[in-house]
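As a plain string of letters, each chain reads:
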Amino acid sequence: MTAASGLAVEGPAPERSAPEWVAYLKDAVLAALVAVLLGLPLIGLQTYDIGGGALGIRTHFDWVAITAAAVFAGRLALRLPQRLRHRRERSRETAFARLAAWARRRMLPITLAGIAFAVALPFLPFSSRYLIDLGTTVLIYVMLGWGLNVVVGLAGLLDLGYVAFYAVGAYTFALLARDLGFTFWEALPFSGLVAASFGVILGFPVLRLRGDYLAIVTLGFGEIMRIVLLNWSPVTGGPNGISDIPRPSFLGLPFARSAPEGVTTFHQFFGLEFSPDQRVIFIYFVILTLALLTNLFTLRLRRLPIGRAWEALREDEVACRTLGINPTNVKLSAFGIGAMLGGLAGCFFATRQGFISPESFAFTESATILAIVVLGGMGSQMGVVLAAILLVTLPEFGRAFAEFRMLIFGAAMVAIMVWRPRGLLEHREPSLRLGARPSST
Amino acid sequence: MTSLPEGRQPLLAVEHLTMRFGGLVAISDLSFLVYRREITALIGPNGAGKTTVFNCLTGFYRPSAGRLAMHVNGQILLLERIDGLSIARQAGVARTFQNIRLFAGMTVLENLVVAQHNVLMRASLFSMAGLLGLPRYRSAERAAIERARHWLDEFGLTERADWAAGALPYGAQRRLEIARALCTGPALLCLDEPAAGLNPRESAELNELLLAIRAKEGITILLIEHDMSVVMGISDHIIVLDYGRKIADGTPAEVRADPNVIRAYLGEDEAGTLSEEEVFTDLGIPRAPC
C-alpha cells in the first residue's frame, strides 16, 4: 500500500521534469563549450620570454578544463532550482521596487537628510581628508550627471561626447587664469558661457539627427575636442596640459600658509591655525553649492514651458511641430544648458586639480557620466545622486581587491541592469498637477 | 454646390492643388472650399490622397503646384509659402494624426499645457521670468491650466488629468489628441480619422463632441473619416476623392446620390447592377432621412 502510494506520488514527477533535465544539461554543455572556445586562447595559451626577444608558448589545458567544468556546474546550478530562484528573484525585485516607492513617497525628508549629511560630512568624527576628497569627486559627477540629464533624460538626445563641454569649461578657466590672470570666481561664468556656446555650435549640425546617429556624431565631437587639446600645443600646452591653475579664494581670502605683502589669508583673517584641510573642506563646499544650484536650476526649468518642451520633444518631435513648437530652439536650448552645466563643473575641476591635461577628458569620462544618468533612471534627479555615489565609491572600495575591482564594478552594473532595468529610481514626477483628485470630487 | 445656403464664408480655399512624388501623382488639380463654422469631411477609398492633403495643409509636404489660401483676420495667408511652424502659429491650423501621436510619458494635463507652449514661452520671457517666479509668468501658467481644464471638462478627461497619457484607454487617447489640438486655439481643426478604432457608442459621443465644439467655439473642422456614421451624421459638406481627384463635392445627401461616388466605392461594373440603397447598406451607411 505504502509502496504503491509512494510510487503514485513519485510517478508523474520525473516524467514531467525529464525534458527539463535534458534541456538543462544541454544548456550547461553548451555554456561549457563556449567556455572552452573562449578559454583555449585566453587561458590555455601563455606566452613567455625565452630570451633573446623570442617568445615561447606554455599550454595550460588543465586550467581550461577546470574553467569549463566550473562553467558547466555553475550554469547547471543556476538553472536547477529554477522555481526557487524565480521566487527569490521576484521577491528581490519587489523589494527594490518597494524601496524605490518608499523613497518616492519620502522624497522631501530624504532629500533634506541627504543635504544635511552632505553639509555635515567634513565635520563628522570619522571624516578624513580622503573622505572629503572622495565626496568632492562624487559631487562633481553628481553635477555632471544632472547637467547631462537635461540633454539625455529630459530632451532624449543621446550625447556620448558630454566630456567635451567639461573640457571646454576647464580649459576656459585655465587659459583665462594663465593669460589674463582671472581668478576662479571671475572665470566661472565665462566657463559656463563658452561651454554653452560650444553646445549650441555642436547642436546645429546634429539638429536632424536622433538616436544612434546623434550618439555617433557627439562621440566624434568629444574625441575631436580631446585631440585638438592634445595637438594645439602653443595654446593648450598639448599633452603637458596647463599647471598652476589658481585655487579658489574665500571672498578674496586665499588658502595659503603665508601670503605676499598686503594680502590676508583665510586662517589669519579668522585667527585659525593654518591647516591644508581648510582648503579641501572649502573646495568641497564650493562643489556642493554648485551641485545644489544645478539641481535647483534644472528642477525649475523642468516646470517651465522650456522643460516641458524638452520632454515633449523626447516623446514625439512630429507632434511638437504641429503644435507650433520649434524643435530647433528646443534642441539647441537643451544642448546649450546641458553644456553650460558641464562647463561650470569643468571650471571647478580645473581649480580643484590645479592641473589639467587632455588625459582627464577621455571618452571613458563621457561613458561614466552617461552610465550615471542611465543607471540612476532617466530624468531622475535623486537617481543620479545614487548612481554617482555607487559608480565613484565602488571602485574605491574595490581597491582592497586590487586587479579584481573592475570585475566587481562590472558585476555590480550587470546586477543593477538585471534587477532595475530602467534605472535605480525610475519615476517621473509630473511638472504640474490639476490638484483635483478623483477621490476628493 | 447648388443647394449651398446663403452667407457662407470660405475659411480655406484649396486651388489646383497637385502633389507629385516622383512619377506618382498623389493629388492632381484638387480644388475645394472649407467654409467657416462648418464641418467639412474629406472621404474616399484608401490611397485616394486624403492624408496627403492634410500633410500639404500642415506643412509636412510642399505642394508641387497649386495654392492653399487661408483667410486669417481679413488677410489671405498662403500656406504653401510658409513652413509648418508658422502654419500652426500664424494660420491657426491644428491637426491630429491617423496613428495617435501623444506625449505618452507625460500626463494628460501636461499634454494640454505643452500645446500652449508659445504663449507660455513669451509670458515666461523665454524662461527668465519663469526662473525667477515672477507673477507675470505665474498668472500666465494659471491661465494655461484653466484653458486645459476647460477642454478636459469638455472631453470628459478631468478625472484622469494626472494620468500618463499613454496609460489612457484608446478612445480617451483619441479625445485627448483632439483636446491638445484645440489648446493651440486653432481657426481650422484638421482631424485625421478621429473615429478610427472607436466602438459605435464612442463614435456617437465623438459626433456630439465635434458638433458641440463647432457650436460653442465656432471652430471650423476638416476631417478625414471612413466611419460613415460620423461623416453622414455631422458633416455639412463632403468632398470625395478618388485617385487624387475630386469626384464629388456637396452636402451629404448630394454626395450619397452621386453615381461617381458609388462607382468609386464599388467599381465600374457593379454600379449598374446595384441600387443606391444596396450599395450603402453594403458600406454600412445608415440612410439618414432626407
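The rules behind each value
- Residues numbered from 1 in each chain as written.
- Chains lettered and ligands numbered in written order.
- Predicted model: local features only at pLDDT ≥ 70, side-chain atom pairs only at ≥ 80, totals over all residues.
- Helix = DSSP H or I, 4+ residues; strand = E, 2+ residues; numbered from the N terminus.
- Expected span 1.5 Å × (residues − 1).
- Buried ≥ 20, exposed ≤ 12 C-beta atoms within 10 Å, placed from the backbone.
- Arc of directions from axis to C-beta.
- Pairing = 2+ DSSP bridges.
- Contact = placed C-beta atoms within 7 Å.
- Nonpolar A, V, L, I, M, F, W, Y, C, P; charged D, E, K, R; others polar.
- Domains from an automatic or database assignment.

Enquirer: Help me understand helix H6 (residues 135–154) of chain B, please; the structure alone is not making it clear to me.
Expert: Each full turn of the α-helix corresponds to 3.6 residues, which orients residues three or four apart in the same direction. Residue and element names in this part refer to chain B. Here H6 spans 28 Å end to end across 20 residues, near enough to the 28 Å set by a 1.5 Å rise per residue. Here H6 has its buried residues at Tyr137, Ala140, Ala144, Ile145, Ala148, Trp151 and Leu152. Mapping the buried residues of H6 onto a view down its axis gives an arc of 140°, with all of them on the same face. Turned more than 90 degrees off the buried face of H6, the exposed positions are Pro135, Ser139, Arg142, Glu146 and Asp153. Downstream of H6 by one or two residues, Gly156 has phi in the positive range, about 65°.

Enquirer: What should I look at first to understand the pairing of strand S2 (residues 24–35) of chain B in this one?
Expert: The side chains of a regular strand alternate, first on one face of the sheet and then on the other. Residues and elements named next belong to chain B. Examined bridge by bridge, strand S1 (residues 10–21) and S2 share 8 bridges and lie antiparallel to one another. Among the inter-strand pairings, Val14 is bridged to a residue of S2, identified as Phe32. Hairpin remark: S1 followed by S2, antiparallel, with 2 residues in the connecting loop; positive phi at Gly22, about 60°.

Enquirer: Any chance you could explain the interface of chain B and chain A here in plain terms?
Expert: Between chain B and chain A, the residue contacts involve 33 residues of the former and 27 residues of the latter. Looking at the side of chain B that touches chain A residue by residue, the classes come out as 15 nonpolar, 11 polar and 7 charged.

Enquirer: Hey, could you run me through the domain arrangement of chain B in this one?
Expert: Many analyses report the size of an interface as the accessible area lost when the parts associate. Its domain assignment divides chain B into domain 1 (1–92 + 186–290) and domain 2 (103–176). The residue makeup of the side of domain 1 of chain B that touches domain 2 of chain B, split by class, is 3 nonpolar, 1 polar and 2 charged.

Enquirer: Please explain the domain arrangement of chain A as it appears in this structure.
Expert: The domain boundaries assigned to chain A delineate domain 1 (13–80) and domain 2 (97–419). For domain 1 of chain A versus domain 2 of chain A, the separation of C-alpha centres amounts to 43 Å.

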